[in-house]
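Coordinates in review
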Amino acid sequence: MLNVGVIGFGTVGSGIYERLLNSSEELKEIFQTEVQVTKILVKDDTKDRGYTQVKTLTTCDPNEFFNQQYDIVFEAIGGVEPAKGYIVKLIQSGTAIITANKELIAKHGKELEELARQNGVYLGFEAAVGGGIPIVNSFKTLFSTTPIHSVTGILNGTTNYILTEMKEKNRSFADVLVEAKQLGYAEADPTDDIEGYDALYKLQILSRLAFNSWPNENNFSCKGMNIIEEEAIDFAERNELAIKLIARTSIENGVIHGFVSPAFVTKDHPLYNINGVTNGVCIDGATIDRITMSGPGAGKDATANSMVEDFVLHEQFQGFNRPLSKQHNDRANDEMSIIVFVSQLEKEQFHADLLSISSEIEFETGFNEMQAVILKLKKGKSLNDLPPLWQQKSYPLLGKVAVNKIALPF
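Residues numbered from 1 in each chain as written. Predicted model: local features only at pLDDT ≥ 70, side-chain atom pairs only at ≥ 80, totals over all residues. Heavy atoms only, no water.

1. Description of the pattern of salt bridges
Our working rule: We define a salt bridge as a contact between a side-chain nitrogen of Lys or Arg and a carboxyl oxygen of Asp or Glu at a distance within 4 Å. Numbering goes from the N terminus for both helices and strands, where a helix is a DSSP run of H or I of at least four residues and a strand is a run of E of at least two. Relative accessibility decides the category of a residue: with a 1.4 Å probe and only protein chains considered, values under 20% of the type maximum give buried, values over 50% give exposed, and everything between is partly exposed.
In the structure shown here, the tally under the stated rule is 15 salt bridges. One salt bridge connects Glu-113 with Arg-208, and the closest N-O pair in it is separated by 3.0 Å. With Glu-113 in helix α6 (residues 102–118) and Arg-208 in helix α11 (residues 197–211), this residue pair connects regions lying 95 residues apart in the sequence. The exposure class assigned to Glu-113 is partly exposed, which follows from its relative accessible area of 22%. Residue Arg-117 is joined to Glu-114 by a salt bridge in which the shortest nitrogen-to-oxygen separation is 2.6 Å. On the criterion of helical spacing, the pair formed by Arg-117 and Glu-114 is a turn pair, its members being 3 residues apart in helix α6. Connected through shared salt-bridge partners, Glu-165, Lys-169, Arg-171, Asp-175 and Glu-179 make up one network.

Have a look at this one:
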């Protein structure tokens, strides 16, 4: 029998329990033995959980929980502590861990992976990125030897839902945010979603998997949908573009860079039609061109499904992992362009600041007392090379857009 522990019994934790219960026969056939939840660690063990058997399994005493022996434990409480302490304790005891804790893995994944390696323990975090999209384990299996140039995606369902409603139904941000909370798409405090940190955590995890190295967080920039200007919304409407909160990571000369930012997306880009709470990820590589995956970004069933499938994959392919090989990225920024809205007073300074890192600068004529500047970065340059002022005001462009423009003379 495989003994399973669960830490947390909220939305995700209860979803894991239900998924294991409902799939018990399939799991027994796969493993040739029963899979049984033997203990659940919760904050309050007097709370009615809706399952008779759960009452006998729950404890609010960590010592009681950790006195049990497990083959695998699902961590579903989120946050850094006490989750990190629990995971460290389990790894040191030789217990495999499955988690959806993106903040913990983004901030301490390197340390925890090394600890897991030293103890010969599996640390799975498929559900930490993309909810129901099997993106993490795709890197481990389908793309195990594939050189990756870049990964670009919509990684936050909350903001994608809000931006979709604003675009398609001309609704206000405040109005859609209230509805998103009512529908369970947004947390009571949606700061991490709105300001881009949720997507940033996921992007850093994807960077580790795509380029076989944990990135330096100082090489990543993060802007949320709260910085979107009125000029950007008008520009998108005039040019039939969508504004999406885009996360992108690439590697240049061995250095991993990334950003989370509102971006303009053209109709011919595969992320243009990723709407609502759906997430989407584009993987670009020399031997695969571009592969796009999409699916539910969050939710009880999607997250629980990813965690259980991560468990199954581990049991079936123990010891299999993406090799740590040097990846080359000669094409990462070939089509990297950004759009910035500048006033007449700012135009000269903008030109002086950005001439050295751009291969082409074009201005759209007359636009609400502002001008939309399309800037194509030189090869080897990234969003992080922009001066802080212009980095804050910039919008990456996915695809190519033709506007009524004039070339700025050099």
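From this point on, the discussion continues.
2. Considerations on unusual backbone geometry
Note the cis peptide between Glu-81 and Pro-82, where omega equals 10 degrees. Structurally, Pro-82 is set in the loop between β4 (72–75) and α5 (83–92). Of note, the phi angle at Gln-32 is positive, near 60 degrees, even though the residue is not glycine. For Gln-32, a relative accessible area of 67% gives the class exposed.

3. Comments concerning empty space enclosed by the protein
Here is the rule: A cavity, in this analysis, means grid points on a 1 Å lattice covering only the protein atoms where a 1.4 Å probe fits yet has no way out; a pocket is instead an open set bounded by protein on both sides within 12 Å along at least five of seven lines, and a residue lines either one if it has an atom within 4 Å of a point. Grid points are joined across faces, edges and corners, and a volume is the space filled by probe spheres set on the points. Ten residue types, Ala, Val, Leu, Ile, Met, Phe, Trp, Tyr, Cys and Pro, are classed as nonpolar, four, Asp, Glu, Lys and Arg, as charged, and the remainder, Gly among them, as polar.
Taken as a whole, this structure holds 1 cavity of 30 Å³ or more when the rule is applied. Of the voids in this model, the largest cavity is the one considered here, and its volume is about 70 Å³. Those elements giving two or more residues to the lining of the largest cavity turn out to be β9 (242–252) and β10 (255–265). Considering only residue class, the lining of the largest cavity consists of 3 nonpolar, 7 polar and 1 charged.

4. What about the packing of aromatic side chains?
Quick reminder of the rule: Aromatic rings from Phe, Tyr and Trp, with only the six-membered ring used for Trp, were paired whenever their centres fell within 6.5 Å, and each pair was classed as stacked if the ring planes differed by under 30 degrees, edge-to-face if by over 60, and tilted otherwise.
Within this structure, the stated rule accounts for 13 aromatic pairs. Consider the rings of Phe-31 and Phe-311, whose centres lie 5.3 Å apart with planes at 45 degrees: the pair is tilted. Of this pair, Phe-31 sits in helix α2 (residues 24–31) while Phe-311 sits in helix α13 (residues 300–316), and the two are 280 residues apart along the sequence. Of the two residues examined, Phe-31 and Phe-311, each falls in the buried class. Summarising the aromatic geometry, the rings of Phe-66 and Tyr-86 are spaced 5.3 Å apart at their centres and angled 50 degrees between planes, so their arrangement reads as tilted. Of the two residues, Phe-66 sits in helix α4 (residues 62–66) while Tyr-86 sits in helix α5, which places them 20 residues apart along the sequence. Tyr-86 shares its class with Phe-66; the two are buried.

5. Examining the packing of α6 against α11
In plain terms, the rule: Axis definition: a line fitted to C-alpha atoms, limited for helices to the stretch in contact. Angles are taken between N-to-C directions and run from 0 to 180 degrees. Each angle receives one of four descriptions, namely roughly parallel if under 35 degrees, roughly antiparallel if over 145, roughly perpendicular if within 65 to 115, and oblique otherwise. Contacts: residue pairs with any heavy atoms within 4.5 Å of one another.
Closest axis-to-axis distance for the α6/α11 pair is 7 Å, and the angle between their directions is 30 degrees. With respect to α11, the element α6 is oriented roughly parallel. Facing Lys-102, Glu-103, Ile-105, Ala-106, Lys-107 and Glu-113 of α6, the residues of α11 in contact are Asp-198, Tyr-201, Lys-202, Gln-204, Ile-205 and Arg-208. Here the residues of the contact of α6 with α11 sort into 4 nonpolar, 1 polar and 7 charged.

6. A word on the environment of Asn-384
So the rule is basically this: Two N or O atoms count as a polar contact when they lie within 3.5 Å, although within protein this holds only if one can serve as hydrogen donor and the other as acceptor, and sequence-adjacent residues are included solely when both atoms are side-chain atoms.
Tracing the sequence through the fold places Asn-384 in the loop between β15 (371–377) and α15 (388–393). Under the relative-accessibility criterion, Asn-384 is labelled partly exposed at 23%. It is 6.7 Å that separates the C-alpha atoms of Asn-384 and Ser-221, two residues lying 163 residues apart in sequence. If near-sequence neighbours (up to four positions away) are discounted, Asn-384 is found in contact with Asn-219, Phe-220, Ser-221, His-257, Gly-258 and Gln-391. A distance of 2.4 Å separates a polar side-chain atom of Asn-384 from the backbone oxygen of Asn-219.

7. Regarding the confidence of the model for the protein chain
Let me state the cut-off plainly: Confidence scores per residue from the predictor, reported as pLDDT, run from 0 to 100.
Taken as a whole, the protein chain shows an average pLDDT of 85; of its residues, 90% reach a score of 70 or greater. Mean pLDDT in the protein chain bottoms out at strand β17 (residues 405–407), which sits at 41, and peaks at α5, which reaches 96. Taken together, the stretch residues 405–410 has pLDDT below 50 and engages in 14 contacts with residues farther than four places along the chain or on a different chain.

8. Quick notes on the state of the cysteines
Operational definition: Criterion for a disulfide: a pair of cysteine sulfur atoms at a distance within 2.5 Å.
Under the definition given, this model contains 0 disulfides. Lacking any disulfide linkage, Cys-222 is separated from the closest cysteine sulfur, that of Cys-282, by 20 Å.

9. Concerning the side chain of Thr-266
Relative to the helices and strands, Thr-266 is located in the loop between β10 and β11 (278–285). On the basis of relative accessibility, which here comes to 5%, the residue Thr-266 falls in the buried class. Aside from chain neighbours lying at most four places away, what touches Thr-266 is Leu-241, Tyr-272, Leu-397, Leu-398, Gly-399, Lys-400 and Val-401.

10. Some details on the sheet that holds strand β6 (residues 123–124)
So the rule is basically this: Only strands that DSSP links by at least two bridges are regarded as paired with each other.
Overall, parallel pairing links the 6 strands, which are arranged β3-β2-β1-β4-β5-β6 in an open sheet. Of all strands in the sheet, those bounded by a partner on one side alone are β3 (58–59) and β6. Where strand β1 (residues 2–7) lies against β4, 4 bridges are found, and the strand directions are parallel. If you follow Val-4 over to β4, its bridge partner there is Ile-72. Contacts from helix α1 (residues 11–22) reach β1, β2 (35–41) and β4, with the element oriented near 160 degrees to β2.

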